[in-house]
Amino acid sequence: MSSLCLQRLQEERKKWRKDHPFGFYAKPTKKADGSMNLQKWEAGVPGKEGTIWQEGVYPLTIEYPDEYPSKPPKVRLPAGFYHPNVYPSGTICLSILNEDQDWRPAITLKQICLGIQDLLDAPNIKSPAQEPAFRAFSKNKDEYKKKILLQAKQYTQ
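Only a predicted model underlies this, so the values are computations on that prediction, with no experimental measurement involved. (Residues numbered from 1 in each chain as written. Predicted model: local features only at pLDDT ≥ 70, side-chain atom pairs only at ≥ 80, totals over all residues. Heavy atoms only, no water.)

Visitor: Sorry if this is basic, but what is going on with the pattern of salt bridges here?
Guide: Opposite charge on two side chains makes pairing possible when the charged atoms of those side chains draw close. Applying the stated rule across the entire model yields eight salt bridges. Between E143 and K147 there is a salt bridge, with its nearest N and O atoms 3.6 Å apart. Residue E143 and its partner K147 are located together in helix α4 (residues 141-154), separated by four residues, close to a single helical turn. The exposure class of K147 is partly exposed, given its relative accessible area of 37%. (Salt bridge = Lys/Arg side-chain N within 4 Å of Asp/Glu carboxyl O. Helix = DSSP H or I, 4+ residues; strand = E, 2+ residues; numbered from the N terminus. Buried < 20%, exposed > 50% of the residue type's maximum accessible area, 1.4 Å probe, protein only.)

Visitor: What is the right way to look at the environment of I96 in this model?
Guide: In this fold, I96 is placed in the loop between β4 (74-76) and α2 (109-121). A C-alpha to C-alpha distance of 14 Å links I96 and I62, two positions 34 residues apart in sequence. Here I96 is in contact with D102, W103, I107, Q111 and I112, once residues within four sequence places are set aside. (Contact = heavy atoms within 4.5 Å.)

Written out as structure tokens, the structure reads:
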């Protein structure tokens with residue numbers, strides 16, 4: 001890990017511990033030897049109040065490349081997560097996580113988590129990543145809502 005990457009991730013951890021949105025969590029994972037792995041985090045994003053997502057706290061895996069913050073982290077929900085902008089692998093399709101689109105090195109962990117929370121209830125239909133969820137969201141809102149409410153129950157805390 002480059003010293004810039006390490007320095008930035010230590011700074012992100014410190015900022016997150018001081019100030020993070022209510023109901024969210026994020027922490028580095030542990031390596032086999034018990035030491036902290038700053039390049040792989042586990043996080044949780046709650047669904048927004050008043051939405052079909054509100055019952056759940058959705059688990060994320062965030063992996064930071066050695067080139068971070070020049071390159072964005074890879075952020076995933078569990079494989080098979082039902083959402084128009086989540087690939088079957090769980091990878092999230094969001095412009096601020098794409099270095100060819102809106103990624104900027106100044107984007108923080110907090111901004112990423114809030115961006116994902118916004119995306120849950122406001123999918124980008126111009127960038128579908130999963131056919132079944134995209135089709136239901138576009139053509140059958142009742143079916144979509146039913147599947148989201150069922151999925152949210154899997155992620156209640």
